[in-house]
Amino acid sequence: MNNVVEDEDNMITKSEKVNAQQRAAMMIRQAGIQLNDGETEKIEVVDFGLSRLDDEGVQVFTMVNTDRLAAKILVLFPNQTEPEHWHPRVGNDPGKQETIRHIWGDLLFYVEGDDNMKKGFIVEGKENVYTLRHEIILQPGDQLTFEPYEKHWFQAGPRGAVLYSFSTTVRDGLDGFTDPAIQRTTVIKEEN
Ligand code: ZN
């Protein structure tokens, strides 16, 4: 297998993707949630076009996404960060309203408010694009609701984290990100 990727921008390799799907599936099961046969391959691996999946990324298993509602399981690997974002209005849709509920592991959320950041960290070199420094330490069973346009970002601690996301219909491709380098669509590089 040739691991030398010529154009390393904005992509992850197929083996990185499969590997991440398997790790995420293991964590979901470890959290006590059943996945059926064939569902591991349906886990979306999102590197936000930054090609540093373990630092900035998220793994998403969609249970349902209709034109009215969505329910997902999100997995963060140890110390992995989901970049700062918000959910804007789209046409007649006033924007995604989202409730997250922590299930398993170490989870920190960052929202509007005074800087009380203690446990988490800003991804190296990204001080300008992680503007929120109000830290909420979640325990399993804790939940938070975000209204459209309410900025947030989140990060797993040393064990990683598994959480639910319940929301109105999801149009991830239209989310706003503070980091201009982000591309929401992950490109998978085929390996020889
Ligand atoms: Zn969100």
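Structure: above.
As a starting point, this report considers the structure included with it. (Residues numbered from 1 in each chain as written. Predicted model: local features only at pLDDT ≥ 70, side-chain atom pairs only at ≥ 80, totals over all residues. Heavy atoms only, no water.)

1. Some remarks on the pattern of salt bridges
- Evaluation of the coordinates by the stated rule reveals 7 salt bridges.
- Close ionic contact of Asp-54 with Arg-23 constitutes a salt bridge, the shortest N to O distance being 3.5 Å. Here the residue Asp-54 occupies a position in the loop between β2 (44–46) and β3 (58–65), and Arg-23 occupies one in helix α1 (residues 14–30), the gap between them amounting to 31 residues.
- A relative accessible area of 33% places Arg-23 in the partly exposed class.
- Taking the shortest distance from any N to any O, the salt bridge between Glu-56 and Lys-126 comes out at 2.8 Å. One end of the pair, Glu-56, is in the loop between β2 and β3; the other, Lys-126, is in the loop between β6 (98–111) and β7 (134–138), and 70 residues separate them in sequence. In this structure, Glu-56 and Lys-126 share a single accessibility class: buried.
- Among the charged side chains, a network of salt bridges with common partners joins Arg-52, Asp-55, Glu-56, Lys-126 and Asp-179. (Salt bridge = Lys/Arg side-chain N within 4 Å of Asp/Glu carboxyl O. Helix = DSSP H or I, 4+ residues; strand = E, 2+ residues; numbered from the N terminus. Buried < 20%, exposed > 50% of the residue type's maximum accessible area, 1.4 Å probe, protein only.)

2. Observations regarding the coordination of the zinc ion
- At this site the zinc ion is bound by His-85 (NE2), His-87 (NE2), Glu-98 (OE) and His-152 (NE2), with donor distances of 2.1 to 2.4 Å.
- Donor residues for the zinc ion, ordered by position in the chain, follow H-x1-H-x10-E-x53-H. In this pair, His-87 is assigned in the loop between β5 (81–86) and β6 and Glu-98 in strand β6, connecting sequence segments 11 residues apart. As far as burial versus exposure is concerned, His-87 and Glu-98 are alike and both buried. (Donors = N, O, S within 2.8 Å, 3.2 Å for Na, K, Ca; no water.)

3. Re the environment of Asp-175
- Here Asp-175 is to be found in the loop between β9 (152–168) and β10 (176–177).
- Separated by 85 residues in the primary sequence, Asp-175 and Val-90 place their C-alpha atoms 9.6 Å from one another.
- The contacts of Asp-175, once residues within four sequence positions are left out, are His-85, Trp-86, His-87 and Pro-88.
- A polar contact of 2.9 Å, which involves the side chain of Asp-175, links it to the side chain of His-87. (Contact = heavy atoms within 4.5 Å. Polar contact = N/O pair within 3.5 Å; in protein donor to acceptor, adjacent residues only side chain to side chain.)

4. Considerations on α1
- Compared with the 24 Å implied by 1.5 Å per residue over 17 residues, the 24 Å span of α1 between its first and last C-alpha is a close match.
- Along α1, the residues classified as buried are Ala-20, Gln-21, Ala-24, Ala-25, Met-27 and Ile-28. Taken down its axis, α1 places every buried residue within 165 degrees of arc, on the same side.
- The inward-facing, buried residues of α1 abut β2, β3, β4 (69–76), β6 and β9.
- At the exit of α1 stands Gly-32, carrying a positive phi of roughly 95 degrees. (Expected span 1.5 Å × (residues − 1). Arc of directions from axis to C-beta.)

5. Observations concerning the nonpolar core
- Residues Phe-48, Val-58, Ile-100, Leu-107, Phe-109, Phe-154 and Leu-163 are the most contacted members of the largest nonpolar core, which totals 20 residues.
- Only β3, β4, β6, β8 (143–146) and β9 provide two or more residues apiece to this core.
- Those residues within four positions of Ile-100 in sequence are excluded, and the remaining contacts are Phe-109, Leu-138, Asp-142, Gln-143, Leu-144, Phe-146, Leu-163, Tyr-164 and Ser-165.
- Met-27, Leu-35, Val-45 and Val-162 belong to the second-largest nonpolar core, a separate cluster that totals 19 residues. (Core = buried A, V, L, I, M, F, W, Y, C linked by side-chain atoms within 4.5 Å.)

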